[in-house]
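Spelled out from the first residue to the last, the chains are:
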Amino acid sequence: NRIEAVQPISKKGRKDLKPYAIKVADGNPRLLEWLFEILTQPDLKHETILDQMAQKETRFREDILVQALLDQQKPELRQLLGRMMVYDIAVPFAAMKAVCDPIFALETHKDRALALGLLEITRSDEDLFRVPRILAPFLEKDQPKDKQALFQTACATLHEIWWQQTDNPIEERLFEIHRLALMAENPEIALDLGNRLA
């Protein structure tokens with residue numbers, strides 16, 4: 001009752017799945033909040049998802065939720081999530097757009113992923129986006145085969161946004177650029193950022 005989440009939709013003639021969701025969550029507030037958010041989305045097979053979760057042990061239920069949700073999404077949305085796994089921390093939309101450039105209707109898929117809790121948003125002076133790490137094992141086949149090119153794009157984009165375009169860089173962001181530079185095998189940026197961090 002104390003979870004501050006949007007309450008599940010309840011339309012006439014539709015089964016109330018809120019008590020079932022509470023039972024399936026089995027006292028896990030994070031999972032229950034996520035389920036409540038999902039129950040507000042009208043175009044999902046809610047009862048199927050809850051049934052699959054109920055059949056598994058408590059420790060596996062979140063994994064079942066992730067898999068069931070991803071299975072019901074368009075390939076483009078899964079590709080967005082897979083490409084965003086290149087970043088370890090939340091990044092601005094420009095950085096998302098850079099690595100997701102080939103994806104059609106990116107804004108639509110981004111909004112859908114946010115509504116389902118498959119993409120996190122941090123609101124500050126600008127919105128920052130991140131894919132929860134719990135999704136990593138489920139998105140391996142949705143990541144591009146040429147990961148080197150993805151690392152290079154991600155590194156170059158964040159280097160420009162968070163290093164070249166700012167007078168007061170944040171340490172956490174510099175570590176992320178340095179990590180990406182190492183993965184992209186970009187010694188120039190890695191050395192520059194390494195010196196600054198040292």
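Below you will find a few notes about this structure. (Residues numbered from 1 in each chain as written. Predicted model: local features only at pLDDT ≥ 70, side-chain atom pairs only at ≥ 80, totals over all residues. Heavy atoms only, no water.)

**Some words on the pattern of salt bridges**
Right, so step 1: For the coordinates displayed, the defined rule picks out 11 salt bridges.
Right, so step 2: Residue glutamate 107 is joined to lysine 110 by a salt bridge in which the shortest nitrogen-to-oxygen separation is 3.0 Å. Residue glutamate 107 and its partner lysine 110 are located together in helix H7 (residues 106–115), separated by 3 residues, close to a single helical turn.
Right, so step 3: Between glutamate 120 and arginine 130 there is a salt bridge, and its shortest N-O distance comes to 3.3 Å. In this pair, glutamate 120 is assigned in strand E2 (residues 120–122) and arginine 130 in strand E3 (residues 128–130), connecting sequence segments 10 residues apart.
Right, so step 4: Under the relative-accessibility criterion, arginine 130 is labelled partly exposed at 21%. (Salt bridge = Lys/Arg side-chain N within 4 Å of Asp/Glu carboxyl O. Helix = DSSP H or I, 4+ residues; strand = E, 2+ residues; numbered from the N terminus. Buried < 20%, exposed > 50% of the residue type's maximum accessible area, 1.4 Å probe, protein only.)

**Things to note about the packing of helix H1 (residues 18–25) against helix H3 (residues 46–54)**
Right, so step 1: Following both chains from N to C, one finds H1 and H3 inclined at 25°, their axes separated by 10 Å at the closest point. When the axes of H1 and H3 are compared, the pair comes out roughly parallel. Crossing hand, H1 versus H3: left-handed. Taken together, the residues of H3 that come into contact with H1 (itself represented by Tyr20, Ala21 and Val24) are Leu50, Asp51, Met53 and Ala54. (Axes fitted to C-alpha atoms, helices over the stretch in contact; angles between N-to-C directions. Parallel < 35°, antiparallel > 145°, perpendicular 65-115°, else oblique. Left-handed = near helix turned anticlockwise from the far one by under 90°. Contact = heavy atoms within 4.5 Å.)

**Brief notes about the environment of methionine 96**
Right, so step 1: Within the secondary structure layout, methionine 96 lies in helix H6 (residues 93–99).
Right, so step 2: Judged by relative accessible area, which is 0%, methionine 96 ranks as buried.
Right, so step 3: With 66 residues separating them along the chain, methionine 96 and arginine 30 place their C-alpha atoms 26 Å apart.

**Here's the deal with the sheet that holds E3**
What links the strands of a sheet is backbone hydrogen bonding, and the strands pair in either a parallel or an antiparallel sense.
Right, so step 1: In space, the 3 strands of this open sheet follow the order E1-E3-E2, with antiparallel pairing throughout. What marks the edges here is a single partner per strand, and that holds for strand E1 (91–92) and E2.
Right, so step 2: Relative to E3, E1 runs antiparallel, the two being bridged by 2 bridges. Bridge pairing in E3 places valine 91 opposite phenylalanine 129. (Pairing = 2+ DSSP bridges.)

Such coordinate-based values are descriptive only and should not be taken to indicate function.
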